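# Secondary and tertiary structure notes
Okay, here's what each chain looks like letter by letter:
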Amino acid sequence: MDILQAVGGTSLVRLRRVVPAGSAEVWAKLEWENPTGSMKDRMALAAISRAEADGRLRPGGTVVEYTGGSTGASLALVCAARGYRLRIVTSEAFSREKLDQMAALGAELTLVPSEGGLTTKKLILDMIEAARELSREPGTYWTNQLENLDSVAGYHPLGEEIWSQTAGRVTAFVHSVGTSASLRGVASLLKRRR
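What comes next is a walk through the structure. As the structure is a prediction and not an experimental result, all values here were calculated from the model.

For the rest of this paragraph, the subject is the nonpolar core. Ile-48, Leu-57, Val-63 and Leu-86 are the most contacted members of the largest nonpolar core, which has 21 residues in total. Secondary structure elements with two or more residues in this core: α1 (40–53), α2 (70–82), β4 (85–90) and α3 (96–104). Among the elements that make up this core, the one with the highest residue count is α2 (six residues).

Now the structure itself:
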């Protein structure tokens, strides 16, 4: 089995003891069951697969992204499995564990210095510009997660799983967000279903 076949298909479990009696049924999707422990594996797989399919990413190519962690680890997993070089623009402002995880999965890290270890607007803009520069190299594909609609589509299967696992009995969906690609992907699928 290919490691990428382990992306998705995560469990949905009913919360019984933390929900007051007489309340609605509350279910939790266990996205930590994905290979890197993150739902971002879904986005990374979709972004790389779609770029391969339409020729934005070719065999032997390089992938570039800026990130503070989970997206980078997920891209590193997918790129390692598919045989692509991955260059991640990041900073020491982000958790050492995430930086180590990305590197352990094969990502080459470019560290952009922060101001006192803080995540500031300037830091993010500097990271974006560093990624933009790296993306200009021949044979390079920049996933550009915040502007790439493939990341939203990568979460449609998550919505399908929720719909299927609840037999279509979803009346509300609650989700914490970062970039909101996962919320947009799941919500658009559930809205289309009902």
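Attention now moves to the pattern of salt bridges. Following the criterion strictly, the structure yields 16 salt bridges and no others. Note that Glu-161 and Arg-42 form a salt bridge whose closest N and O atoms lie 2.8 Å from each other. Residue Glu-161 is located in helix α6 (residues 156–165), and its partner Arg-42 is located in helix α1; the two are separated by 119 residues in the primary sequence. Among the salt bridges present, the one from Asp-150 reaches Arg-56, with a minimum N-O distance of 2.6 Å. With a gap of 94 residues between them, Asp-150 in helix α5 (residues 149–153) and Arg-56 in the loop between α1 and β3 (62–66) connect regions that are remote in the sequence.

Looking now at the sheet that holds β4. An order of β5-β4-β3-β6 is seen for the four strands of this open sheet, with the pairing classed as parallel. Here the strands that pair on one side only, and so sit at the sheet edges, are β5 (108–111) and β6 (140–142). Strand-to-strand twist across the sheet, computed as the mean angle between neighbouring axes with direction ignored, equals 25 degrees. Packing against the sheet, α2 makes contact with β3 and β4, and its axis sits at approximately 170 degrees to β4. Contacts between α3 and the sheet are confined to β4 and β5, with β5 contributing the most and set at about 140 degrees to the helix.

Taking 1.5 Å per residue as the helical rise, α1 with its 14 residues ought to reach 20 Å, and the 20 Å between its terminal C-alpha atoms agrees with that figure. By the criterion of burial, α1 is predominantly enclosed, with 10 of the 14 residues buried. Listing the buried residues of α1 in full gives Lys-40, Asp-41, Arg-42, Met-43, Ala-44, Leu-45, Ala-46, Ala-47, Ile-48 and Ala-51. Looking at the buried residues of α1, the elements they touch are β2 (26–29), β3, α2, β6, α5 and α6. Positive backbone phi, at 85 degrees, marks Gly-55, one or two positions downstream of α1.

This part takes up the layout of surface pockets. Remark: the empty space left among the atoms is shown by a probe the size of a water molecule rolled over them. Put simply, the largest pocket is a space of about 790 Å³. Trp-27, Lys-29, Ile-162, Phe-173 and Val-174 are, among the 28 residues lining the largest pocket, the residues nearest its centre. If you list the elements that add at least two residues to the lining of the largest pocket, you get β2, α6 and α7 (181–193). Residue contributions to the lining of the largest pocket peak at four residues, all from β2. Here the residues of the lining of the largest pocket sort into 15 nonpolar, eight polar and five charged.

Reading the values: rules and limits
Throughout this description, residue numbers start from 1 for each chain and increase along the sequence as written. Reporting of local features is limited, given that this is a predicted model, to residues whose pLDDT is at least 70; pairs of side-chain atoms are given and counted only at 80 or more, and all residues count toward the totals for whole chains, interfaces and linings. Note that the side-chain values use all heavy atoms of the structure and ignore hydrogens as well as water. Take the buried residues of types Ala, Val, Leu, Ile, Met, Phe, Trp, Tyr and Cys, join any two whose side-chain atoms come within 4.5 Å, and each joined set is a nonpolar core. Any residue under 20% of the maximum accessible area for its type is buried, any over 50% is exposed, and the rest in between are partly exposed; the area is computed with a 1.4 Å probe on protein chains only. Secondary structure elements are taken from DSSP: a helix is a run of H or I of four residues or more, a strand is a run of E of two residues or more, and numbering for both begins at the N terminus. The salt bridge criterion pairs a side-chain nitrogen of Lys or Arg with a carboxyl oxygen of Asp or Glu, the two atoms within 4 Å. The rule for pairing is simple: two strands pair if DSSP sees at least two bridges between them. Helix axes are fitted only over the stretch in contact, all axes being lines through C-alpha atoms; the angle between N-to-C directions runs from 0 to 180 degrees. We call two residues in contact when some of their heavy atoms are within 4.5 Å. Multiply 1.5 Å by the residue count of a helix minus one, and that product is the helix's expected span. A pocket, in this scheme, is an open set of points on a 1 Å grid over the protein atoms alone with protein on both sides within 12 Å along at least 5 of 7 lines, while a cavity is a set where a 1.4 Å probe fits but cannot get out; residues line either one if an atom lies within 4 Å of a point. Grid points are joined across faces, edges and corners, and a volume is the space filled by probe spheres set on the points. In this count, Pro and Cys sit with the nonpolar residues alongside Ala, Val, Leu, Ile, Met, Phe, Trp and Tyr, while Asp, Glu, Lys and Arg are called charged and the others, Gly among them, polar.

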